Amino acid sequence: MSKRRLLLPLVPLYAAVVAAKNALYATSLLHPKQLTWPVVSVGNLSTGGAGKTPFVLALHHLVAAAGWHADVLTRGYGRREGGIVQADPTGTAAQFGDEPLLLARAGLGVYVGADRYRAGLLVEQQLPSANTLHILDDGMQHRKLARQIEIVLLLQADFADHLLPAGNLREPLSALRRADIIVLREEEAPALEIKARKLLGPDRKPLFWRIHRALRFTTMEGTPTAAPKRPLAFCAVARPQSFHALLRLNGCEPVAHVDFPDHHLYTMRDIKALLGRAFEFGADSFVTTAKDACKLQPDMLAALTQIAPVVIAELVTTILDAPTATAQLAELLARNSSSA
């Protein structure tokens, strides 16, 4: 039995707290704050590892292609500085958080702060309001901010998981009833959609989107490259086993894996440990995620590349049947904004 399973007796207490909070919003005893522009929330049921950041990037591409301007409002997990700021792509993960920095370097306007309402107000004061919307990153449990559309990424693993603290679920599966759109990975979609529909029953009929996920191998400069042959893989993500599996599926068999806690900020001590493992296993390169690569400071990168090249395995998410998804999103925005 895992150590977390020993915490099962605490699950009812956690569940009661979650239910009480949701009941306060459901009965309007608590009122979420309303921004002027529409808010599209992207979230999931578990504590991490659902692929929200690549999906946010894909969603941003989708709405931009349809003529909307969208910013991203996010908390910035792992940052060491406070306040509400726009993520600077030339900055560091310590300033903004690893995921906001990754999105900012992809060209998105990302606003970081624990108070997403105030972050949204900051954006609305700075930018024109025509054809604009906010994407609320990791927003499902952030009930303080009103949203017009709730998008939830659902995993097969969620159906076998427990609530915190014994498992990874932040809310029970019944919370899917709040979803307007449920996003499924294409390899899990056929069986998982049936499960989700059965769970929700005939009275709740959200839309279902499917996504394709693929790895793209690049150099640190962004040049496409082949999958490395004998790399040492390292990452600091919520579900490292998913990263391991994606590497194997894409023809990359690391000689060893080094996993750090999610949102870990690397130090030179970590880099020295990675160099030692690379020597130990005879690695000819390093491979890591895009989220981790943005946290490597120049001195860290220089130390690694003196020994072997660093390859980024970037997870690229594509929303399948984009024209239909765009039309559905526009319809939901029009309907839910008029009723807000």
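These remarks concern the structure in this document. Values in this document were obtained by computation on a predicted structure and should not be read as measured data. (Residues numbered from 1 in each chain as written. Predicted model: local features only at pLDDT ≥ 70, side-chain atom pairs only at ≥ 80, totals over all residues. Heavy atoms only, no water.)

The next point concerns the pairing of strand β9 (residues 231-235). A regular strand carries its side chains on alternate faces of the sheet. Of all 5 residues that make up β9, 5 are buried, and the element is covered over most of its length. Residues Pro231, Ala233 and Cys235 point to one face of β9 and Leu232 and Phe234 to the other, with burial holding for every one of them. Sheet topology places β9 next to strand β11 (residues 285-289); 3 bridges connect them, and they run parallel. Paired with proline 231 across the strands is serine 285, a residue of β11. A crossover links β9 with its parallel partner strand β10 (residues 256-259), the connecting element being helix α7 (residues 240-249), and its sense is right-handed. (Buried < 20%, exposed > 50% of the residue type's maximum accessible area, 1.4 Å probe, protein only. Helix = DSSP H or I, 4+ residues; strand = E, 2+ residues; numbered from the N terminus. Pairing = 2+ DSSP bridges. Right-handed = clockwise from strand over helix to strand, strands pointing away.)

Another point: the environment of glutamine 141. As for its position among the elements, glutamine 141 is in the loop between β5 (132-137) and β6 (149-153). Sequence separation between glutamine 141 and glutamate 171 is 30 residues; the distance between their C-alpha atoms is 8.2 Å. Setting aside anything within four residues of it in sequence, one finds glutamine 141 in contact with Lys21, Asn44, Leu45, Arg170 and Glu171. A polar contact is formed between the side chain of glutamine 141 and the side chain of arginine 170, at a distance of 3.3 Å. (Contact = heavy atoms within 4.5 Å. Polar contact = N/O pair within 3.5 Å; in protein donor to acceptor, adjacent residues only side chain to side chain.)

The subject of this paragraph is a positive patch on the surface. A grouping of Lys21, Lys33, Arg118 and Lys144 is seen on the molecular surface, where their side chains present a positively charged patch. Mapped onto the fold, lysine 21 is located in helix α1 (residues 11-26). For lysine 21, a relative accessible area of 32% translates into the label partly exposed. (Patch = residues over 30% accessible without salt bridge, like charges linked within 9 Å, V, L, I, M, F, W, Y side chains within 5 Å. Areas by Shrake-Rupley, 256 points an atom, 1.4 Å probe, with all protein chains shown as cover. Salt bridge = Lys/Arg side-chain N within 4 Å of Asp/Glu carboxyl O. Lys, Arg positive; Asp, Glu negative; His and termini not counted. Charge placed at Lys NZ, Arg CZ, Asp CG, Glu CD.)

Next up on the list: the pattern of salt bridges. By the definition in use, this model includes 14 salt bridges. Between aspartate 98 and lysine 295 there is a salt bridge, and its shortest N-O distance comes to 3.2 Å. On the criterion of sequence distance, the pair formed by aspartate 98 in helix α4 (residues 98-105) and lysine 295 in the loop between α9 (290-293) and α10 (298-305) is long-range, its members being 197 residues apart. Taking the relative accessible area as the measure of exposure, lysine 295 reaches 3% and is therefore buried. Between lysine 295 and aspartate 292 there is a salt bridge, with the nearest N and O atoms lying 3.6 Å from each other. In this structure, a network of salt bridges that share partners links the residues Lys52, Asp138 and Arg170.

One open sheet holds the 12 strands; their spatial order is β3-β4-β2-β5-β1-β6-β7-β8-β12-β11-β9-β10, and the pairing between them is mixed. The open sheet has two edge strands with one neighbour each: β3 (85-86) and β10. The sheet contacts of helix α8 (residues 268-281) involve β9, β10 and β11, and relative to β10 the element is tilted by about 165 degrees. (Axes fitted to C-alpha atoms, helices over the stretch in contact; angles between N-to-C directions.)

Of all 8 residues in α4, 6 are buried, a share of seventy percent or more. By the burial criterion, the buried members of α4 are Asp98, Glu99, Pro100, Leu101, Leu103 and Ala104. Buried positions along α4 lie against α2 (52-65), β2 (69-74), α3 (93-96), β4 (109-112) and α9. Positioned one or two residues after α4, glycine 107 has a phi angle of 100 degrees, which is positive.

Okay, the side chain of lysine 52 next. Along the chain, the position of lysine 52 falls in helix α2. Overall, lysine 52 belongs to the buried group, its relative accessible area being 11%. Setting aside chain neighbours within four positions, we find lysine 52 in contact with Val42, Gly43, Asn44, Asp137, Asp138, Leu153 and Arg170.

The subject of this paragraph is the packing of α8 against α10. Closest axis-to-axis distance for the α8/α10 pair is 10 Å, and the angle between their directions is 10 degrees. Comparing their axes, α10 and α8 come out roughly parallel. Taken together, the residues of α10 that come into contact with α8 (itself represented by Met268, Ile271, Leu274 and Leu275) are Asp299, Met300, Ala303 and Leu304. The residue makeup of the contact of α8 with α10, split by class, is 7 nonpolar, no polar and 1 charged. (Parallel < 35°, antiparallel > 145°, perpendicular 65-115°, else oblique. Nonpolar A, V, L, I, M, F, W, Y, C, P; charged D, E, K, R; others polar.)

Attention now moves to the pairing of strand β12 (residues 310-319). Bridging between strand β8 (residues 207-219) and β12 involves 9 bridges; their strand directions are antiparallel. By the bridge assignment, arginine 216 is partnered in β12 with glutamate 314.

Before going further, it helps to examine the layout of surface pockets. Here the second largest pocket is characterised by a volume of approximately 400 Å³. Together, 19 residues line the second largest pocket, and Lys21, Arg116, Gln141, His142 and Arg143 are the ones closest to its centre. When residues of the lining of the second largest pocket are assigned to their parent elements, the largest contribution, 6 residues, is made by α1. (1 Å grid on protein atoms, 1.4 Å probe; cavity = no way out; pocket = protein on both sides within 12 Å on 5 of 7 lines; lining within 4 Å. Points joined across faces, edges and corners; volume = space filled by probe spheres on them.)

So far we have only geometry, and geometry alone does not tell us how the molecule works.
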